[in-house]
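Below, each chain spelled out in residue letters.
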Amino acid sequence: QVQLVESGGGMVQAGGSLRLSCAASGRTFSNYAMGWFRQAPGKEREFVAAISWSGGRTFYADSVKGRFTISRDNAKNTVYLQINSLKPEDTAVYYCAADHSWLPTEYDYWGQGTQVTVSS
């Protein structure tokens, strides 16, 4: 089992920045590719970004390219999501996820989420 705990969410004004963190425990962190997802009110969960086991490969949803940066620190068992130039439409609960595979159809492990609210 892998336990994931997100943090760093909050309420910010449009144009601001946030860095979300996801701390992992339970298994060898570097054995897992990681992803970030978000779910806005009344909408389905959507993929945001992914990072490979060593961090050498990343992949982003088109909607966030250029504003979001995913990174990881395997020594700290943590994956990050830097969000810049926040927009009201970025308001959502943000989840991190872990899987042995790169860009799986469904990730095996999920955190509880952290709320990001962007005011205009």
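In this text the structure is predicted, and so the values were computed from the model without any measurement.

How each quantity is defined
- Every chain is numbered on its own, with residues counted from 1 as its sequence reads.
- Predicted model: local features are reported for residues with pLDDT of at least 70 only, side-chain atom pairs are reported and counted for 80 or more only, and whole-chain, interface and lining totals are derived from all residues.
- Excluding hydrogens and water, the side-chain figures rest on all heavy atoms present in the structure.
- Any Phe, Tyr or Trp ring, taking Trp's six-membered ring, that has another such ring centre within 6.5 Å forms a pair; planes under 30 degrees apart are called stacked, those over 60 apart edge-to-face, and the others tilted.
- Helix and strand definitions follow DSSP, with helices as H or I runs of at least four residues and strands as E runs of at least two, each counted in order from the N terminus.
- In this scheme, a residue with accessible area under 20% of its type's maximum is buried, one over 50% is exposed, and one in between is partly exposed, where area comes from a 1.4 Å probe on protein chains only.
- In our convention, an over-ring charge means Lys NZ or Arg CZ found within 6 Å of a ring centre and within 35 degrees of that ring's normal.
- Paired strands, in this sense, are two strands between which DSSP finds at least two bridges.
- The criterion is simple. A nonpolar core is a set of buried Ala, Val, Leu, Ile, Met, Phe, Trp, Tyr and Cys residues joined through side-chain atoms within 4.5 Å.
- Throughout, a contact is declared for two residues whenever any of their heavy atoms are within 4.5 Å.

Colleague: Kindly report on the packing of aromatic side chains, identifying the contributing residues and their values.
Modeller: Here a ring pair, both rings aromatic, is described through the centre-centre distance and the interplanar angle of the planes. Counted under the stated rule, the structure contains seven aromatic pairs. Between Phe37 and Phe47 the ring centres are 5.6 Å apart and the planes differ by 80 degrees, which places this aromatic pair in the edge-to-face class. Of this pair, Phe37 sits in strand β4 (residues 33-39) while Phe47 sits in strand β5 (residues 46-51), and the two are ten residues apart along the sequence. For Phe47, a relative accessible area of 22% puts it in the partly exposed group. An aromatic cluster is present here, built from Phe37, Phe47, Phe59, Tyr107 and Trp110 joined pairwise through their rings. Cation over ring: Arg45 sits above Phe37, and NZ or CZ is 5.7 Å from the ring centre.

Colleague: Could you give me a rundown of the pairing of strand β1 (residues 3-7), with the residues and numbers involved?
Modeller: Residues Leu4 and Glu6 line the buried face of β1, whereas the alternating positions Gln3, Val5 and Ser7 sit on a face that is not buried. With five bridges joining them, β1 and strand β3 (residues 18-25) adopt antiparallel strand pairing. Its bridge partner being in β3, Ser7 is matched across the sheet by Ser21.

Colleague: Outline the nonpolar core, listing residues and values.
Modeller: Among the nonpolar cores identified, the biggest contains 31 residues, and Leu4, Met34, Trp36, Leu81 and Tyr94 are the most heavily contacted of them. Beyond its immediate sequence surroundings of up to four residues, Leu4 is in contact with Cys22, Ala23, Ala24, Met34, Cys96, Ala97, Ala98, Tyr109, Trp110, Gly111 and Gln112.

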